[in-house]
Every structure is written in structure tokens, then in C-alpha cells.
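Coordinates in review
Each chain, written out:
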Amino acid sequence: TLGYCYFLYMVDYVIYLIGALLMVWISLERHLLIFNDAIYNTRTGRITLHYLPIVFCIVYPPVYYTYFILFYPCESYYDMNTLSCFAACFLWTSKVMVFYELFVNGFAPVCLVAFFSVSLLVRVI
């Protein structure tokens, strides 16, 4: 029951954040591919500007949420009389983590995708 809730949080948060981070990177990489495509001609350029950011986007969310959902030192609350799960305990025990989660993992990726897409449109026009 409690483990099932943790598993659901992990899957939900990890899939969302991987998608959001990949969208941010894809939005930025379009600029690089259109206007600075020569930086991908070298092996170092391809590794540092193409493969490493993608690996980061895929590895960071599972590592981050595995630690903060499964190993973060806080007391979880679960009501056996309800069918819904409560938020992971790191979200209601630490104001810093709430800010980080909302801003870095939630708000910033959405704003960056919009910014990079609009800036590409303006730059092309």
C-alpha cells in the first residue's frame, strides 16, 4: 500500500521530468543545429553538446526521485481509510525542497521550452 504509493510517485514524477528536460534540450538544440551546426562536426562537440545532455536528461530524474522519495529522512503519512496517496514527504517537510521541486523541476522547464521556441521563431523571422 505505502510502497505502491511510492512507486506511483516515482513513475509519475520521473516520466514527467524526463519528458520536460528532453523538451528543454530539444528546444535549445534546434538553435544549435540550425545556426551553429559546425559544432557537431567534431567528436568532442557531438559528445558534449548532444549525447551528454541527453544522458543527463534521462539519468537525473530517476536518481533524484529515488533518493528523495525512498531515502529522504522524513516520516511519511498514509491514511489507510482513503484510496488516494499523499504527497511524498520531502514535499511537505522542507520548504527548500518544495521551492526546488516547483521551480527547477516544474516551472522552469515549461518556461524554457516556451522561451527557446519563441526565440527561435523570432530569430528566423
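Read on for a plain summary of the structure. The model shown is predicted, which means the values in this text are computed figures rather than measured ones.

Moving on to the packing of aromatic side chains. In this structure the tally under the stated criterion is 15 aromatic pairs. Measuring from ring centre to ring centre gives 5.3 Å for F68 and Y72, while their planes differ by 40°; the resulting arrangement is tilted. A relative accessible area of 13% places F68 in the buried class. Relative to F90, the ring of Y72 lies with its centre 6.3 Å away and its plane at 70°, an arrangement referred to as edge-to-face. Within this pair, whereas Y72 is found in the loop between α2 (43–71) and α3 (90–93), its partner F90 is found in helix α3, the two being separated by 18 residues in sequence. The structure contains a cluster of three or more aromatic residues connected by ring pairs, namely Y13, F56, Y60, Y64, Y65, Y67, F68, Y72, F90 and Y100. For the cation-ring pair, R123 lies above F35, with the distance from its terminal atom to the ring centre recorded as 3.9 Å.

Let's shift gears to the nonpolar core. Counting residues in each nonpolar core, the largest one holds 20 residues, and the members touching the most others are Y64, Y65, I69 and F90. At the level of secondary structure, the elements contributing two or more residues to this core comprise α1 (2–35) and α2. Broken down by element, this core gets its largest block of residues, ten residues, from α1. Setting aside residues up to four positions removed in sequence, Y65 forms contacts with M10, Y13, V14, L17, L70, F90, E101 and N105.

This part is about the side chain of E29. Mapped onto the elements of the fold, E29 is located in helix α1. Polar contacts involving the side chain of E29 include one to the side chain of Y40, which spans 3.0 Å. Discounting residues that sit within four places of it in the chain, E29 has contacts with Y40, L49 and H50.

Definitions and cut-offs
- Residues numbered from 1 in each chain as written.
- Predicted model: local features only at pLDDT ≥ 70, side-chain atom pairs only at ≥ 80, totals over all residues.
- Heavy atoms only, no water.
- Phe/Tyr/Trp six-rings, centres within 6.5 Å; stacked < 30°, edge-to-face > 60°.
- Buried < 20%, exposed > 50% of the residue type's maximum accessible area, 1.4 Å probe, protein only.
- Helix = DSSP H or I, 4+ residues; strand = E, 2+ residues; numbered from the N terminus.
- Lys NZ or Arg CZ within 6 Å of the ring centre and 35° of its normal.
- Core = buried A, V, L, I, M, F, W, Y, C linked by side-chain atoms within 4.5 Å.
- Contact = heavy atoms within 4.5 Å.
- Polar contact = N/O pair within 3.5 Å; in protein donor to acceptor, adjacent residues only side chain to side chain.

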